[in-house]
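# Working through the structure, step by step
What follows is the residue order along each chain.
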Amino acid sequence: MSTPPRPSLKSLCVTPTGLRAAAQTAPGPTEGEPKGGAEGAISALRPAAQQGDGRYLVAWLHIRAPKGAIPTATSRCLCGRDRSAVGHRKVLALISDHSAHRDNCPLRTTQEGKAAA
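Residues numbered from 1 in each chain as written. Predicted model: local features only at pLDDT ≥ 70, side-chain atom pairs only at ≥ 80, totals over all residues. Heavy atoms only, no water.

### Brief notes about the pairing of strand S3 (residues 82-86)
- Pairing between strand S2 (residues 72-77) and S3: 5 bridges, direction antiparallel. Across the sheet, the residue bridging to Thr72 is Val86, located in S3. (Pairing = 2+ DSSP bridges. Helix = DSSP H or I, 4+ residues; strand = E, 2+ residues; numbered from the N terminus.)

### Structural notes on a nonpolar patch on the surface
- A grouping of Tyr56, Leu57, Trp60, Leu78 and Leu107 is seen on the molecular surface, where their side chains present a nonpolar patch of about 580 Å² in accessible area.
- Looking at where Trp60 falls in the secondary structure, it is placed in strand S1 (residues 59-64).
- Taking the relative accessible area as the measure of exposure, Trp60 reaches 39% and is therefore partly exposed. (Patch = residues over 30% accessible without salt bridge, like charges linked within 9 Å, V, L, I, M, F, W, Y side chains within 5 Å. Areas by Shrake-Rupley, 256 points an atom, 1.4 Å probe, with all protein chains shown as cover. Salt bridge = Lys/Arg side-chain N within 4 Å of Asp/Glu carboxyl O. Buried < 20%, exposed > 50% of the residue type's maximum accessible area, 1.4 Å probe, protein only.)

### With respect to the side chain of His101
- Mapped onto the elements of the fold, His101 is located in helix H1 (residues 88-104).
- Not counting the four nearest positions on each side in its chain, His101 is found in contact with Cys77, Cys79 and Arg81. (Contact = heavy atoms within 4.5 Å.)

Written out as C-alpha coordinates, the structure is:
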(Lines give C-alpha, C1' and ligand atoms only; values in the text may rest on other atoms or scores of the structure.)
Protein backbone atom coordinates (compact mmCIF):
# COMPACT_ATOMS: atom_id res chain seq x y z
CA MET A 1 0.00 0.00 0.00
CA SER A 2 1.17 3.41 -0.76
CA THR A 3 0.48 6.52 1.30
CA PRO A 4 -1.35 9.36 -0.37
CA PRO A 5 0.86 12.30 -1.39
CA ARG A 6 1.07 15.11 1.16
CA PRO A 7 -0.22 18.49 0.07
CA SER A 8 2.30 21.24 -0.39
CA LEU A 9 2.81 23.51 2.65
CA LYS A 10 3.17 26.58 0.49
CA SER A 11 0.03 28.27 -0.70
CA LEU A 12 -0.08 29.29 -4.28
CA CYS A 13 -1.60 32.71 -4.86
CA VAL A 14 -3.89 33.08 -7.77
CA THR A 15 -2.86 36.12 -9.75
CA PRO A 16 -5.81 38.03 -11.17
CA THR A 17 -5.88 38.47 -14.88
CA GLY A 18 -6.86 41.91 -16.06
CA LEU A 19 -7.69 45.09 -14.18
CA ARG A 20 -10.52 45.46 -11.65
CA ALA A 21 -11.78 48.45 -9.70
CA ALA A 22 -11.51 48.32 -5.93
CA ALA A 23 -14.70 47.57 -4.03
CA GLN A 24 -16.45 50.74 -2.82
CA THR A 25 -17.46 51.04 0.83
CA ALA A 26 -20.18 53.21 2.29
CA PRO A 27 -18.86 56.58 3.48
CA GLY A 28 -18.36 56.82 7.25
CA PRO A 29 -19.85 59.53 9.44
CA THR A 30 -18.37 62.96 9.03
CA GLU A 31 -17.05 65.15 11.83
CA GLY A 32 -19.73 65.90 14.42
CA GLU A 33 -22.31 63.35 13.24
CA PRO A 34 -23.48 60.63 15.63
CA LYS A 35 -21.78 57.29 15.10
CA GLY A 36 -24.76 54.97 15.14
CA GLY A 37 -25.75 55.23 18.80
CA ALA A 38 -29.35 54.59 19.72
CA GLU A 39 -31.55 57.64 20.12
CA GLY A 40 -31.74 58.61 23.77
CA ALA A 41 -28.76 56.41 24.70
CA ILE A 42 -26.20 57.81 27.12
CA SER A 43 -23.16 59.00 25.24
CA ALA A 44 -19.57 58.65 26.41
CA LEU A 45 -18.74 62.15 25.21
CA ARG A 46 -17.30 64.70 27.58
CA PRO A 47 -19.79 67.12 29.06
CA ALA A 48 -19.72 70.73 27.98
CA ALA A 49 -17.41 73.04 29.88
CA GLN A 50 -18.95 73.54 33.29
CA GLN A 51 -19.85 77.01 34.33
CA GLY A 52 -18.25 77.77 37.69
CA ASP A 53 -19.70 79.82 40.48
CA GLY A 54 -17.01 82.48 40.15
CA ARG A 55 -14.69 81.07 42.81
CA TYR A 56 -11.12 80.02 42.08
CA LEU A 57 -8.10 78.87 44.08
CA VAL A 58 -5.80 81.58 45.35
CA ALA A 59 -3.70 79.99 48.11
CA TRP A 60 -2.56 76.43 48.85
CA LEU A 61 -1.31 74.85 52.05
CA HIS A 62 0.29 71.45 51.48
CA ILE A 63 1.24 69.43 54.57
CA ARG A 64 3.19 66.16 54.43
CA ALA A 65 3.42 64.22 57.67
CA PRO A 66 4.31 60.57 57.01
CA LYS A 67 4.15 58.24 59.99
CA GLY A 68 7.44 58.26 61.88
CA ALA A 69 9.00 61.00 59.72
CA ILE A 70 9.55 64.72 60.10
CA PRO A 71 6.55 66.74 58.83
CA THR A 72 6.98 69.35 56.09
CA ALA A 73 4.63 71.99 54.73
CA THR A 74 4.49 74.53 51.92
CA SER A 75 2.29 77.61 51.68
CA ARG A 76 1.83 79.18 48.25
CA CYS A 77 -0.34 82.02 47.02
CA LEU A 78 -0.99 83.57 43.61
CA CYS A 79 0.20 86.92 44.99
CA GLY A 80 3.75 85.51 44.98
CA ARG A 81 4.03 84.22 48.55
CA ASP A 82 5.92 80.91 48.70
CA ARG A 83 7.05 79.61 52.09
CA SER A 84 8.01 76.21 53.45
CA ALA A 85 8.69 74.68 56.87
CA VAL A 86 10.31 71.50 58.22
CA GLY A 87 9.67 70.15 61.72
CA HIS A 88 6.69 70.05 64.08
CA ARG A 89 6.94 73.54 65.55
CA LYS A 90 7.79 75.25 62.26
CA VAL A 91 4.95 73.49 60.41
CA LEU A 92 2.46 74.57 63.10
CA ALA A 93 3.76 78.14 62.82
CA LEU A 94 3.40 78.04 59.02
CA ILE A 95 -0.19 76.82 59.33
CA SER A 96 -1.11 79.79 61.52
CA ASP A 97 0.85 82.16 59.25
CA HIS A 98 -1.02 80.80 56.22
CA SER A 99 -4.35 81.42 57.97
CA ALA A 100 -3.30 84.98 58.80
CA HIS A 101 -2.19 85.56 55.20
CA ARG A 102 -5.67 84.63 53.97
CA ASP A 103 -7.02 87.72 55.75
CA ASN A 104 -4.27 90.05 54.45
CA CYS A 105 -3.66 88.79 50.89
CA PRO A 106 -4.10 91.57 48.29
CA LEU A 107 -5.85 89.11 45.95
CA ARG A 108 -8.49 88.19 48.53
CA THR A 109 -9.25 91.60 49.99
CA THR A 110 -11.25 94.06 47.93
CA GLN A 111 -10.67 97.79 47.71
CA GLU A 112 -14.14 98.47 49.14
CA GLY A 113 -13.33 96.43 52.22
CA LYS A 114 -10.12 98.40 52.82
CA ALA A 115 -11.91 101.75 52.50
CA ALA A 116 -14.62 100.68 54.96
CA ALA A 117 -12.08 99.58 57.55
